[in-house]
Amino acid sequence: MRQDTGPIRSRVAFFGDMSEVRRGRLKVYLGAAPGVGKTYRMLDEARRRARRGVDVVVGVAECHGRPHTEAMLDGLEQLPRTPCTYRGGHFTEFDVTALLARRPDVAVVDELAHTNVPGDGRHRKRWQDVEELLAAGIDVVTAVNIQHLASLNDVVEKITEVPQAETVPDEVVRRADQIELVDLPPEGLRRRMAHGNVYAPEKVDAALANYFRPGNLTALRQLALLWVADRVDEALVAYRSEHRIGGVWETRERVVVALTGGPEGDTLIRRAARIADRAAGGDLLAVHIARSDGLAAGTSHASLARQRRLVEDLGGSYHSVVGDHVASALVEFARAENATQLVLGTSRRRRLERFLTGRGTGETVVALSGDIDVHTVTHERAGRGTLLPSRRRTLSRPRRVAGPVAGLLLPVALTLLLDLDGARAHLDLTSTALLFLLAVVGVACIGGVACAVVASVTASLLLNYWFIPPIGHFTLTDPNAVIAVAVFAVVAATVAAVVDRSLRLSRRAARATAEAETMSSLAGTIVRGGATIPALLERTREAFGAEAAELVETGPAATGSFLTAVDAGPGRQLILHGRELPASERRVLAAFAAHVGAAVERARLAEAAAEVEPVRAADRMRTALLRAVGHDLRTPLAAGWAAVTSLRSADVEFSDGDRAELLATADESMAKLNRLVENLLDMARLEAGAVSLALRATALEEVLPAALDSLPPGGPAVETGDLQQVPPVLADPPLLERVLANLMGNAARHTPQGRKVAVTASALAGRVEIRVVDRGPGIAPDARDRLFEPFQRLGDTDNTTGLGLGLALSRGLTEAMAGTLTPEDTPGGGLTMVLSLPFAPAHRQTAGPA
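Definitions and cut-offs
- For every chain, the first residue of its written sequence is number 1, and the numbers climb from 1 along that sequence.
- Given that this is a predicted model, residues contribute local features only at a pLDDT of at least 70 and side-chain atom pairs are listed and counted only at 80 or more, while totals for whole chains, interfaces and linings are drawn from all residues.
- Computation of side-chain values: all heavy atoms of the structure, hydrogens and water removed.
- Secondary structure elements are defined from DSSP: runs of H or I of at least 4 residues count as helices, runs of E of at least 2 residues count as strands, and each element is numbered from the N terminus.
- Buried, partly exposed and exposed residues are distinguished by accessible area as a fraction of the type maximum, computed with a 1.4 Å probe on protein chains only: under 20%, between the cut-offs, and over 50%, respectively.
- Contact definition: two residues touch when any of their heavy atoms are within 4.5 Å.
- In this description, accessible areas are obtained by the Shrake-Rupley approach with a 1.4 Å probe, and a residue is regarded as covered only by the protein chains that are shown.
- Strand pairing is assigned whenever DSSP identifies at least 2 bridges connecting the two strands.
- The rule is short: rings of Phe, Tyr and Trp, with Trp giving its six-membered ring, pair when the centres are within 6.5 Å, and they are stacked under 30 degrees, edge-to-face over 60, tilted in between.
- Think of a salt bridge as a Lys or Arg side-chain nitrogen and an Asp or Glu carboxyl oxygen that are within 4 Å of each other.
- Here the term patch refers to residues with relative accessible area over 30% and no salt bridge, with like charges joined within 9 Å and nonpolar side chains (Val, Leu, Ile, Met, Phe, Trp, Tyr) within 5 Å.
- One less than the number of residues in a helix, times 1.5 Å, gives the span that helix is expected to have.
- To define a nonpolar core, start from buried Ala, Val, Leu, Ile, Met, Phe, Trp, Tyr and Cys residues and group those joined through side-chain atoms within 4.5 Å.
- Side-chain atoms alone can form a polar contact between residues adjacent in sequence; in general such a contact is a pair of N or O atoms within 3.5 Å, and within protein one must be able to donate a hydrogen while the other accepts it.
- Only the stretch in contact is used when a helix axis is fitted, and all axes are lines through C-alpha atoms; the angle between N-to-C directions ranges over 0 to 180 degrees.
- Roughly parallel covers angles under 35 degrees, roughly antiparallel covers those over 145, roughly perpendicular covers 65 to 115, and oblique covers all other angles.
- Crossings are sorted by hand: turned counterclockwise from the far helix by less than a right angle, the near helix makes the crossing left-handed, and turned clockwise it makes it right-handed.
- Classification convention: Asp, Glu, Lys, Arg as charged; Ala, Val, Leu, Ile, Met, Phe, Trp, Tyr, Cys, Pro as nonpolar; all other residues, Gly among them, as polar.
- Charge assignment: positive for Lys and Arg, negative for Asp and Glu; neither His nor the chain ends contribute.
- For the purpose of locating charges, the reference atoms are NZ of Lys, CZ of Arg, CG of Asp and CD of Glu.
- As a per-residue quantity, pLDDT reports the predictor's confidence and falls between 0 and 100.

*Asks:* I'm lost on the overall build of the protein chain in this one. Help?
*Replies:* The secondary structure content of the protein chain amounts to 25 helices and 26 strands. In the protein chain, buried positions account for 44% of the 850 residues. Within the protein chain, contacts between residues at least 6 apart in sequence are counted, and of these 72% link residues at least 24 apart. Taken as a whole, the protein chain presents about 42,600 Å² of accessible surface, with 56% of it coming from carbon and sulfur.

*Asks:* Sorry, what's going on with the pairing of strand β4 (residues 56-60) here?
*Replies:* As a general feature of sheets, a regular strand has side chains that alternate between the two faces. With five of five residues buried, β4 lies mostly within the body of the structure. With four bridges connecting them, β4 and strand β8 (residues 106-109) associate as parallel partners. Bridged to Val57 within β8 is Ala107. Of the strand pairs in this sheet, β4 and strand β5 (residues 77-78) are connected by two bridges, and their pairing is parallel. Paired with Val58 across the two strands is Gln78, which belongs to β5.

*Asks:* How do you make sense of the packing of aromatic side chains when you look at a structure like this?
*Replies:* Each aromatic ring pair is characterised by the separation of its centres together with the angle its planes make. All chains considered together, the criterion is met by two aromatic pairs. Seen in terms of ring centroids, Tyr199 and Phe212 are 5.8 Å apart; in terms of plane orientation they differ by 80°. Their pairing is edge-to-face. Highlighted residues: Tyr199 in the loop between α7 (186-194) and α8 (201-209) and Phe212 in the loop between α8 and α9 (214-242), separated in sequence by 13 residues. A relative accessible area of 2% places Phe212 in the buried class. An aromatic cluster of three or more residues is present, and its members are Tyr199, Tyr211 and Phe212.

*Asks:* What should I look at first to understand the pattern of salt bridges in this one?
*Replies:* Across all of its chains, the model carries 23 salt bridges by this definition. Here Asp55 and Arg102 are joined by a salt bridge, their closest N and O atoms 2.8 Å apart. Note that Asp55 is positioned in the loop between α1 (38-51) and β4 and Arg102 in helix α3 (residues 96-102), a separation of 47 residues in sequence. Asp55 gets classed as partly exposed once you look at its relative accessible area, which sits at 26%. Because the salt bridges share partners, they merge into one network encompassing Lys27, Arg41, Glu45, Arg49 and Glu180.

*Asks:* It is not clear to me how unusual backbone geometry should be interpreted in this structure. Could you clarify?
*Replies:* Both trends apply: most residues other than glycine have a negative phi, and most peptide bonds are in trans. Despite not being glycine, His64 shows a phi value in the positive range, around 55°. With respect to the element layout, His64 can be found in the loop between β4 and α2 (67-71). One non-glycine residue, Glu111, lies in positive phi territory at about 55°. Tracing the backbone through its elements, the reader meets Glu111 in the loop between β8 and α4 (126-135).

*Asks:* Sorry, what's going on with a nonpolar patch on the surface here?
*Replies:* A cluster of nonpolar side chains, contributed by Val401, Val405, Leu408, Leu409 and Val454, occupies part of the molecular surface with about 420 Å² of accessible area. The biggest single contributor to the nonpolar patch is helix α15 (residues 397-418), with four residues.

*Asks:* Can you walk me through the environment of Pro636 in this structure?
*Replies:* By the secondary structure assignment, Pro636 is in helix α21 (residues 583-648). With a relative accessible area of 4%, Pro636 lands in the buried category. Spatially, the C-alpha atoms of Pro636 and Ala666 are 8.7 Å apart, while their sequence positions differ by 30 residues.

*Asks:* What's the story with helix α18 (residues 449-466) in this structure? I'm lost.
*Replies:* In an α-helix, one turn spans 3.6 residues; hence positions three or four apart end up facing the same way. The terminal C-alpha atoms of α18, which comprises 18 residues, lie 26 Å apart, in line with the 26 Å expected from a rise of 1.5 Å per residue. Along α18, the residues that are buried comprise Cys451, Ala452, Ala455, Ser456, Thr458, Ala459, Ser460, Leu462, Leu463 and Asn464.

*Asks:* Please clarify how the nonpolar core should be interpreted in this entry.
*Replies:* In globular proteins that are soluble, nonpolar side chains generally tend to be buried together. Counting 63 residues, the largest nonpolar core has Leu43, Leu133, Ile146, Val168 and Trp227 as its most contacted members. Looking at which element gives the most residues to this core, the answer is α9, with six residues. Residue contacts for Leu133: discarding those within four places in its chain leaves Phe94, Val96, Leu99, Leu100, Ala107, Val109, Ile138 and Val140.

*Asks:* Would you mind going over the side chain of Glu45 with me for this structure?
*Replies:* Looking at the element boundaries, Glu45 is found in helix α1. Judged by relative accessible area, Glu45 falls into the buried class, the value being 5%. Polar side-chain contacts of Glu45 include one of 2.2 Å to the side chain of Tyr29. Not counting chain neighbours up to four residues away, the residues in contact with Glu45 comprise Lys27, Tyr29 and Val141.

*Asks:* Got a minute to help me understand the sheet that holds strand β22 (residues 757-764) in this structure?
*Replies:* Sheets are built from strands that pair by backbone hydrogen bonding, the pairs being arranged parallel or antiparallel. Spatially, β20-β22-β23-β25-β24 is the arrangement adopted by the five strands of the open sheet, whose pairing is mixed. Single-partner strands in this sheet number two, and they are β20 (718-720) and β24 (820-825). On average, each strand axis in the sheet is tilted by 20° relative to the strand beside it, whichever way the strands run. In this structure, β20 lies alongside β22, joined through three bridges in parallel fashion. Each residue of the ladder has a partner; that of Thr720, found in β22, is Val759. Those strands touched by helix α24 (residues 733-750) are β20, β22, β23 (767-773), β24 and β25 (831-838), and its axis lies near 170° from that of β25.

*Asks:* Sorry if this is basic, but what is going on with helix α12 (residues 326-336) here?
*Replies:* Here α12 has its buried residues at Val326, Ala327, Ala329, Leu330, Val331, Phe333 and Ala334. Those residues of α12 that are buried are in contact with β11 (254-259), β12 (283-290), β13 (317-322), β14 (341-345), α14 (361-368) and α20 (533-543). Taken from the residues just after α12, Asn338 is the one with a positive phi, measuring 55°.

*Asks:* Please clarify how the environment of Leu418 should be interpreted in this entry.
*Replies:* Inspection of the secondary structure puts Leu418 in helix α15. Considered as a pair, Leu418 and Thr432 are 14 residues apart in the sequence and their alpha carbons are 7.8 Å apart.

*Asks:* Help me out: how do you make sense of the packing of α7 against α9 in this one?
*Replies:* Between two packed helices, the angle of one axis relative to the other and the distance separating the axes together describe the packing. At a minimum axis separation of 9 Å, α7 and α9 run at an interaxial angle of 125°. Taken together, α7 and α9 sit at an angle that is classed as oblique. In the crossing of α7 with α9, the sense of the turn from one axis to the other is right-handed. Counting all contacts with α7, which are made through Pro186, Glu187, Leu189 and Arg190, the residues of α9 involved are Pro214, Leu217, Thr218 and Arg221. Across the contact of α7 with α9, the residue classes break down as four nonpolar, one polar and three charged.

*Asks:* Could you clarify how one ought to interpret the sheet that holds β13 in this entry?
*Replies:* Reading across from one edge, β13-β12-β11-β14-β15 is the order of the five strands in this open sheet, with parallel pairing throughout. The open sheet has two edge strands, β13 and β15 (373-377), and neither has a second partner. Each adjacent strand pair in this sheet contributes to an overall mean axis angle of 25°, direction not counted. Relative to β13, β12 runs parallel, the two being bridged by six bridges. For Ala290, the partnering residue across the bridge sits in β13 and is Val322.

*Asks:* Please explain a positive patch on the surface as it appears in this structure.
*Replies:* A surface patch of positive charge is lined by Arg270, Arg271, Arg274 and Arg278. Relative to the helices and strands, Arg271 resides in helix α10 (residues 265-277).

*Asks:* Just to check I follow, could you spell out the confidence of the model for the protein chain for this structure?
*Replies:* Residues shown with low pLDDT carry predicted positions that ought not to be read at fine detail. Chain-level statistics for the protein chain give a pLDDT mean of 77 and a share of 76% at 70 or above. Mean pLDDT across the elements of the protein chain ranges from a minimum in strand β2 (residues 12-14), with 35, to a maximum in β8, with 95. Throughout residues 794-803 the model reports pLDDT below 50, and contacts reaching past four residues in sequence, or to other chains, amount to 28 contacts.

*Asks:* Would you mind showing me how to read the packing of α12 against α14 here?
*Replies:* At their nearest, the axes of α12 and α14 sit 9 Å apart, and the two run at 45° to each other. The pairing of α12 with α14 is recorded here as oblique in orientation. Note on packing geometry: the crossing formed by α12 with α14 is right-handed. Where α12 abuts α14, its residues Val326, Ala327, Ser328, Leu330, Val331 and Arg335 lie against Thr361, Thr364, Val365 and Leu368.

So, in structure tokens, the structure goes:
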């Protein structure tokens with residue numbers, strides 16, 4: 001599967017200063033699992049480009065001893081790796097400086113998630129090297145496996161039970177101009193492994209039984225396919241937006257469900273979710289239209305919040321859009337999201353309401369939907385009327401037409417009705433005038449002030465001509481006739497003014513409600529962890545129905561049609577591309593811009609705080625060191641000094657027994673002092689990276705006896721399991737002995753009299769886990785993060801001796817040997833320290849950095 005994402009403009013972008021150098025293009029070969037052949041495919045493309053005359057240089061290619069892959073390097077220019085030294089070990093790394101100086105057209109850089117050996121100004125991660133090459137205008141072809149993407153790291157660990165230490169941010173891969181998926185069916189990959197084309201023969205059985213189980217490979221394959229499919233979908237949406245394509249492309253089933261906050265919402269959401277689930281990879285999108293003209297006024301926010309949680313629980317996404325016309329805004333949203341189906345509830349209006357007010361939202365959506373399928377779902381509130389007061393508070397187009405017509409025709413129709421002989425005989429002038437007055441009030445409610453004035457004039461003239469003697473003539477000289485006309489005019493104007501003011505106040509209240517709903521939705525996005533700058537920009541674009549939202553520096557002038565710009569803090573502007581916003585919506589946009597500006601400021605402050613944190617940590621370490629040294633080093637020093645001073649005293653004669661006891665005290669104090677100083681020096685070496693390791697295959701029965709001998713006498717017994725059943729580990733024997741001695745000594749100090757310290761070992765997924773179990777009071781869960789900090793003595797630790805370096809030093813030495821050290825609760829009470837180390841390869845000895 002290949003995804004070509006460039007060159008297109010992202011719908012949502014964060015723009016800063018643009019370099020004049022053309023940025024290089026990035027192509028990523030994304031592997032579904034190790035061994036599928038991504039490096040082979042990457043080198044094959046390099047050879048094809050070289051044959052076409054392109055200047056191609058292989059910066060780094062990790063062939064892992066696979067002959068077919070190594071053969072692909074023949075004929076390609078390879079950049080020599082640069083040697084480097086770290087903690088006594090010698091390594092080679094990718095020389096990005098030499099590649100920048102060579103400046104080829106295309107650079108091949110393998111293992112995008114690789115962590116570089118520290119030192120000599122190198123970037124921490126290889127993907128940062130790639131970013132530097134791209135910024136210099138060099139095209140890069142690279143490769144990475146799906147398990148190294150940061151967003152999927154924890155998912156892959158749950159599936160395979162193997163943690164991935166090296167990761168690359170998803171955004172780095174997402175920005176690639178091309179992403180090509182390299183995939184193999186699980187059985188095909190397992191056959192390739194069985195033939196020895198992936199790992200050495202001695203590793204094949206263990207790999208097939210653990211990481212490369214068929215279920216694991218199937219799950220990894222699905223993760224890779226879905227991740228690439230999402231990226232393809234993003235590119236398609238951006239392409240359609242840039243080229244203004246409004247038609248639906250049914251590349252994926254996308255179901256949009258319209259929510260009003262009414263009680264039928266839960267039914268609609270579940271029905272839409274079932275429709276989306278019928279197609280593999282279908283998407284569910286729920287949308288609420290917040291109308292500026294009042295249609296959304298009075299919506300139950302509690303119901304919308306509950307329905308939003310239901311949508312998210314069903315795997316969908318919730319959206320809120322501002323629109324003056326519900327049906328049009330709903331269809332525009334569906335087209336912008338390339339939706340294939342739209343789910344609506346049947347109208348809650350009664351038959352009479354539908355007859356009087358005309359076509360409703362559902363019928364209008366059907367008329368506007370075009371090639372989008374519309375599902376109208378019945379529910380228990382259908383046809384029972386709205387639960388909330390009428391939300392139509394402004395003059396619709398039919399009422400604007402009907403108002404003047406009613407102002408002219410309604411008085412005429414009433415005159416014809418009252419001119420009948422029966423009616424004229426039973427009604428006097430007062431009753432007739434009141435009926436005309438009622439007609440004027442009705443016209444005022446329909447059409448407003450102007451229509452009411454027209455109706456009052458028409459009614460006054462008709463009343464004067466047909467019902468005031470002499471009938472059939474205008475008698476404006478009669479005082480009663482003048483009073484009648486004046487009363488009609490005053491009443492009509494008063495009623496019309498009241499109606500008009502009521503409508504204006506309703507519009508203001510409705511607008512405020514719509515703004516509150518929009519800001520409430522934005523606040524929900526922030527509370528749910530979506531307060532990143534791209535997320536806020538996307539939320540802004542979506543809420544105002546724009547084509548794109550950008551955050552730019554104040555200096556550069558943005559280009560494009562229908563731009564709306566508002567300030568988003570010092571030196572920044574928030575710009576919307578698309579429709580021109582009216583002044584009433586700019587106020588809400590300014591609030592959005594304030595949130596975006598605050599997010600930028602928070603990001604800057606977080607970065608500044610991150611820079612200060614190492615200084616604070618060093619200060620805390622220095623304070624703890626001085627406190628620990630002031631007490632723990634002085635105690636053995638004072639005891640040894642007192643013993644030696646007593647022995648040198650000429651005033652007292654000691655017996656042989658007393659002299660031996662004083663010498664033993666001095667020896668014990670100096671030994672304790674020596675251990676404390678050694679721990680301090682070892683901790684300093686670890687933090688400075690100056691510990692040299694000699695890793696080799698080490699059996700536990702080789703180091704455990706020496707570790708037991710180093711424990712002080714008189715403590716609880718240590719019970720060991722059958723350690724010969726586990727394979728050797730890759731470790732430095734003296735350091736492993738010291739780690740075990742520290743862990744067992746710590747457990748012995750906390751185990752009550754009469755209980756034993758247990759040491760067990762087991763093998764799982766290519767690693768050996770050694771458990772040292774004590775029966776002490778244990779450690780509270782909230783204190784475990786500080787358990788491995790230097791100079792900390794927590795919980796069940798003896799607070800009278802030691803610097804508190806034992807566990808910190810043990811973890812540091814363990815991690816130097818590529819292991820882990822974690823605490824667990826002991827069933828029945830106590831603490832279990834779990835030491836995990838990798839299997840030792842057969843007949844292999846390694847020297848490397850900590």
